[in-house]
Each structure stands twice: as C-alpha cells, then as structure tokens.
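Residue-level structure breakdown
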Amino acid sequence: MKIIQYSDIVSAVKKMCIDAAHILPDDVLTHIKAARDAETFPRAQSILDRIIENAGIAAGKHIPICQDTGVAVFFVKIGDRVKVEGGLIGDAINEGTRLGCTDGYLRESIVCDPIFDRKNTGGNTPAVIHVDLTGGDNLEITLLPKGGGCENMGGLAMLKPSDGLPGVMKFVKDTVINSGGNPCPPVMVGVGVGGTADAAGVIAKKALLRPAGVHHADEKYARLEADLLTEINASGAGPQGLGGMSTALWVSVEYLPCHIASLPVAVSINCHAARRAAIIL
Amino acid sequence: MSDIIITTPVDKTTLRSLRAGDDVLLTGTIYTARDAAHERFTALINNNKKLPISLENQILFYCGPTPPPPNRCIGSAGPTTSSRMDKYTPNILQKTGLAAMIGKGNRSDDVIESIKQNGAVYFAAIGGAGALLSQCIKSAKTVCYEDLGAEAVYQFDVENFPLIVAIDTLGDNLYNKKRKLTDDVR
C-alpha cells in the first residue's frame, strides 16, 4: 500500500491550477506557430502573432493566458494500492482548486445553481472530477481547465448506425465550423465516438488531453483525425472566425464499443488557449 | 493596413467612418459588462429607471477579468462570447445611446439591424489573448454591481487597445465576409 497525504494532493492540485492558467503546453504553442507560418491571410497572420505574443506575456509576466481560467475538469486514475490519509481525494481536489483560484488570482467562474440561483460559489468550485479505478500504486491527476466560450460550442449527436463514417464526419465538421469565432479558433477538437451519450462526452474530453501532433494508435482513427482536420481547415473560418487557413490546430478522436442500435458522437472544442496539467503522486 | 486611432468618447461621425475589417487602436475609457450586468441594465431600462452609469457615447466591453494581483491594476482581460448579450443589445442601443461594443464572435440579425439603426459599431478583440490585452489597461476600478464578482461593471482606462471593426454602421459584417475573403487568398 502507498500512503498519500491529503495535504500533498491539495498542494499539487493548487500548483497545477496556477501553472496551467499561465503556461501554454509546448505542443499547443508549436502548433500555433506552425499555423502562423502556413497562414496566407494577413489578418489571420496578425491574429496568430498576437496569440503567440500573448503566450509569452502570460508566462513571462505571470498573467493568466485568458481571463476565463475555466471550470476545473479533472481526470483521476486511482491505483488499487493507493490509500489517502487525512481526508477524501475529491475533497482534496476541490480544496486545491479553491486555493489555486484564490491564491493564484484566477477567476471565480462557477455558479451554484444553473437555473434557480446563479450565485457565484467563490473559489471556482466544485470541480468536475472523472475517476478511473486502475491497478498499481500511483495516483495520477490530470487537469483540463475548460473555458466557457468553447465548452458552449460542443455538441452531442445520437446518430443512426447507418449514418456511419459520413454522418460522424458531417456532425463533427458542422459543430466546429458553425461555431464560427465563438470558441476562439484555432481550436483543438476532441471527438468521442461510441459508448453511451454520457460516455461519449467523457472520452471527447479525454481526447483533448492527447497532445497536438499525436495521432490515435489505430490507423483508421488516425486517418479520420487527419481528414477531419483537413476538411475543417478548408472551411476558411480561420483564427477568431475572421477568415484564414487555420480553424483547428488538431483533431483527436477516441472511441468505445457501443450498443447495436447506437452511434453516439460527442464533440468537445477547446480554444487555442488549450491548457492542461498533469501529476503523478 | 495601418491602424486607425480612436479616442473615447466616440462621436457618430468617427463611427460612421469605420468599415468592417479596419484595424483600430482605442484609447480612453471603456466599461465591462457581461450577462448579469446586461440583465440588470435591462430591468432598469424597462422600468424607466436611471442606469448606475451613463452609456451615452460610451463603449461596452464584454469581459469578466481575472482579479488583480498585488501591484497590478487588473489581471487577464479579454473578450467573452458576444452572442450571449444579443438578447439585450437592441434595447440597450436604442434606449441608452451606447456607441459601440467590444466582444468576440458573430451577432444576431436583430443586433445587426439595431447597429444600423443606431449608427453603432461592433468591435472584435482577440479572444484568448487576455494577458496581451491587459497590458493596454492603464487603470481599472469597479463602478457598480460589485456583488457580481468577475461580472461586476469595471471602468478601464485603455491605451492603444487593439480591435478589429467586425460590424460597421452600415451593417457590413466581417464574420459573414470571411469565406469570400478566404477564397480570394486561396
């Protein structure tokens, strides 16, 4: 049994929240720079230049990349030989999220009730926490701070099996292209195919954890990712939806087995400020 | 393309001279307002009550900044999605004399029609570039609705704040022109 202290989880999560808000992952920045080099439209070039400059200011002067520091979405893998001492894992993650927000001067963006009481909870909690139970003695915590503007542009379609590959591609392309400038393109696109409505949504988010430039291990899905990226960028929506070659930086697809009657497709769009952080305790 | 310099308060003649696609550097005072502040403004307008700030010839910035750390006037401060304000905008443009709005993303047909009728302008700021944009904010203070936290109304004094004219006083819309423009490049 590995004993992990509650307080160690709190401080690790706090640090992840603050780091993720300020430091754009290398793979994302590299892809934005490549998009800038390939861009032929002057307005798109100037927008991408400013986005690259923004990442430098954020890291150099310690100012959040975007004012929407997001809802904190966590993916937690808990090994069967891990024991947490001093409290519950979920409480520790929420406590770390709250401290990251308040001590890191991040934005409080969560309201307590979506319909009847849209009052800010303070401290940007509760976080959204997805748990995988696994073997081993590691506690692996991954954070995806998700902005509201891009989250609002995601979608779910319960297609018919006969819709097949063309139906899946159409839904993904329409969802991304029709969102225009709202999700802050050039975006990262996460697609979840199969499972159930809920499971498709979760794997679409998990797809966003895969670094830009890394294709699915299955060749058929890798090809699908490449085709979707090409077709999305052929739309000309461009950076900020104001025209250009680079509407998406990358497309990642994950799949699950599904019911004989079903073909669920979930799309989760991440803005160009595609922040994430991970730690293994 | 060279940048057009604009200072606040903006007059109608200046606004009429702008065309969709122009790059603008804005200097002067702007006010932030998001969904919750728009809801409160609208309730006051509909009850014929005075707003806590005059919007006449002013510019609203759809923004909820991160809080300022010590020794800074503001945190990260970029635009939020404008379409969430579409429901409130025609009424506000008509009743308050608001000159312009700053946000990101396309607007509804009703908003575009109201922009034409009122000689207003909609500017796009770069979404997700809040660190860069914060460098143009020289001072910031909350002017009302402090209880809303990040959704409070802030007054920002900005210098050379970079904007793109997205919808001009004629209703010409850069978001709808994009495909043609891109085809030209291809």
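Description of the structure in this document. (Residues numbered from 1 in each chain as written. Chains lettered and ligands numbered in written order. Predicted model: local features only at pLDDT ≥ 70, side-chain atom pairs only at ≥ 80, totals over all residues. Heavy atoms only, no water.)

To continue, consider the nonpolar core. One finds A:Val189 and B:Phe41 to be the most contacted residues of the largest nonpolar core, which totals 89 residues. It is helix α3 (residues 42–61) of chain A that provides the largest number of residues to this core, a total of 7 residues. Split by domain, this core shows at least three residues from each of two domains, domain 1 (2–20 + 65–146) and domain 2 (149–275) of chain A. If we ignore the near neighbours within four places in the chain, the residues touching A:Val189 are A:Val172, A:Val176, A:Leu208, A:Ile232, A:Ala248, A:Trp250, A:Val251, A:Ser252, A:Val267 and A:Ser268. Counting 28 residues, the second largest nonpolar core, distinct from the first, contains B:Ile30, B:Phe61, B:Ala77 and B:Ala125. (Core = buried A, V, L, I, M, F, W, Y, C linked by side-chain atoms within 4.5 Å. Buried < 20%, exposed > 50% of the residue type's maximum accessible area, 1.4 Å probe, protein only. Helix = DSSP H or I, 4+ residues; strand = E, 2+ residues; numbered from the N terminus. Domains from an automatic or database assignment. Contact = heavy atoms within 4.5 Å.)

Residues and elements named next belong to chain A. Taking strand neighbours across the sheet as the criterion, the 4 strands line up as β6-β9-β7-β8 in an open arrangement whose pairing is mixed. Because the sheet does not close on itself, it has two edges, and the strands there are β6 (155–159) and β8 (248–258). If you compare each strand with its neighbour and ignore which way they point, the axes differ by 15° on average. Judged from the 8 bridges that link them, strand β7 (residues 187–195) and β8 form a sheet pairing that is parallel. Residue pairing across strands places glycine 195 opposite cysteine 258, the latter belonging to β8. Contacts from helix α6 (residues 164–178) reach β6, β7 and β9 (263–270), with the element oriented near 25° to β9. Contacting β6, β7, β8 and β9, helix α7 (residues 197–207) crosses the sheet at an angle of about 145° to β7. (Pairing = 2+ DSSP bridges. Axes fitted to C-alpha atoms, helices over the stretch in contact; angles between N-to-C directions.)

Here the focus is the layout of surface pockets. One simple way to see leftover space: roll a probe sized like a water molecule over the atoms. Looking at the largest pocket, its volume works out to about 1,100 Å³. Considering the residues around the largest pocket, the lining is formed by 42 residues, among which A:Ser109, A:Val111, A:Arg118, B:Arg34 and B:Glu151 are closest to the centre. Counting residues per element, the ones that place at least two in the lining of the largest pocket are α5 (148–151) of chain A together with α2 (35–46) of chain B. Grouping the constituent residues of the lining of the largest pocket by class yields 15 nonpolar, 11 polar and 16 charged. (1 Å grid on protein atoms, 1.4 Å probe; cavity = no way out; pocket = protein on both sides within 12 Å on 5 of 7 lines; lining within 4 Å. Points joined across faces, edges and corners; volume = space filled by probe spheres on them. Nonpolar A, V, L, I, M, F, W, Y, C, P; charged D, E, K, R; others polar.)

Residues and elements named next belong to chain A. Taken in spatial order, the 4 strands of this open sheet run β4-β2-β5-β10, and their pairing is mixed. The outermost strands of the open sheet, each flanked by one partner alone, are β4 (128–134) and β10 (277–280). Between one strand and the next, the sheet's axes are offset by a mean angle of 15°, whatever the strand orientation. Alignment of strand β2 (residues 71–79) against strand β5 (residues 139–146), held across 8 bridges, turns out to be antiparallel. Each bridged residue has a counterpart across the sheet, and for isoleucine 78 the counterpart in β5 is leucine 139. Lying on the sheet, helix α4 (residues 89–103) is in contact with β2, β4 and β5; it crosses β2 at an angle near 145°. Sheet strands touched by α7: β2, β4 and β5. Its angle to β2, the strand with the most contacts, is close to 95°.

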